[in-house]
Amino acid sequence: MFGEKIMSLAVQNTRQIEDIGESVVTVPFDKKAIVVIGAGPVGVHFVNELFKKTNEYSVVIYGNEPWKPYNRVQLSSYLAGEVNRDELELESQAVTGANIEYRLGCGVNRIDHKKQTVKDEHGNIQHYSH
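Keep in mind that what you see is a predicted model, and the values were worked out from it rather than measured.

I'd like a rundown of helix 2 (residues 41-53), residues and numbers included.
In this model helix 2 runs 19 Å from its N-terminal to its C-terminal C-alpha over 13 residues, within 8% of the 18 Å that 1.5 Å per residue would give. Of all the residues in helix 2, the buried ones are Gly43, Val44, Val47, Asn48, Leu50 and Phe51. Projected down its long axis, helix 2 carries its buried residues within an arc of 160°, all on one side. Those residues of helix 2 that are exposed and angled more than 90 degrees off the buried face are Val42, Lys52 and Lys53.

Please provide a residue-by-residue account of the nonpolar core, values included.
Within the largest apolar cluster, 12 residues are counted, these being Ile34, Val36, Ala39, Val44, Val47, Leu50, Phe51, Val59, Ile61, Ile100, Tyr102 and Leu104. Counting residues in hydrophobic clusters, the runner-up holds 8 residues, among them Ala33, Val35, Val60 and Tyr62.

Would you mind going over the pairing of strand 3 (residues 99-104) in detail, with residue names and values included?
Taken residue by residue, a regular strand's side chains alternate between the two faces of the sheet. With respect to burial, strand 3 is a largely interior element, 5 of its 6 residues being buried. Two elements, strand 2 (residues 58-63) and strand 3, share 6 bridges in a ladder whose sense is parallel. Bridge pairing in strand 3 places Ile61 opposite Tyr102.

So, the sheet that holds strand 2: which residues are in play, and what are the values?
What the 3 strands build is an open sheet, ordered 1-2-3; its pairing is parallel. Lying at the two open borders of the sheet, with one neighbouring strand each, are strand 1 (34-37) and strand 3. Each strand axis lies, on average, 15° off the axis of its neighbour in the sheet, ignoring direction. Helix-sheet contacts for helix 2 involve strand 1, strand 2 and strand 3, and the interaxial angle to strand 1 is about 155°.

Conventions and cut-offs
Residues numbered from 1 in each chain as written. Predicted model: local features only at pLDDT ≥ 70, side-chain atom pairs only at ≥ 80, totals over all residues. Heavy atoms only, no water. Helix = DSSP H or I, 4+ residues; strand = E, 2+ residues; numbered from the N terminus. Expected span 1.5 Å × (residues − 1). Buried < 20%, exposed > 50% of the residue type's maximum accessible area, 1.4 Å probe, protein only. Arc of directions from axis to C-beta. Core = buried A, V, L, I, M, F, W, Y, C linked by side-chain atoms within 4.5 Å. Pairing = 2+ DSSP bridges. Axes fitted to C-alpha atoms, helices over the stretch in contact; angles between N-to-C directions. Contact = heavy atoms within 4.5 Å.

Now the structure itself:
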C-alpha cells in the first residue's frame, strides 16, 4: 500500500525527460534557458517568483525524483489518508505563455560555467542563460 501511494505521485500532465528518443523536449538543448537544478519546494518557489516578474524566458527544471514536486511536510498526512493528492502537489504558478519543462528522474552531472551548459545523467547538454 505504501509503495502504491508513493507511485501514485508519478508525473501526470507534465513534460519529462527519461529517454530522449521517446520524450518530448519543448526547450531545445541548444536554446539558452534558465536552468533550475532541483524540482523541490525551493525550485518551484523560485520559478513562481520569476514568473511574477516576467514570462519571457524558457525554464528547464531538473529533478532526480521521477515525480512532480510535492509538499514533503504533508507526505505523512497523505499516506495516512488525511489529505488528498491535489493538496500534496506543488504547482508552478506560471503565467499564460510561460514555457516550463520538467526533466524529472534526470539528475545533472556537470555544470560548465564558461560554456553555460549543464550535462545531465543521460549525456544531454542543455545551454543556459541563467
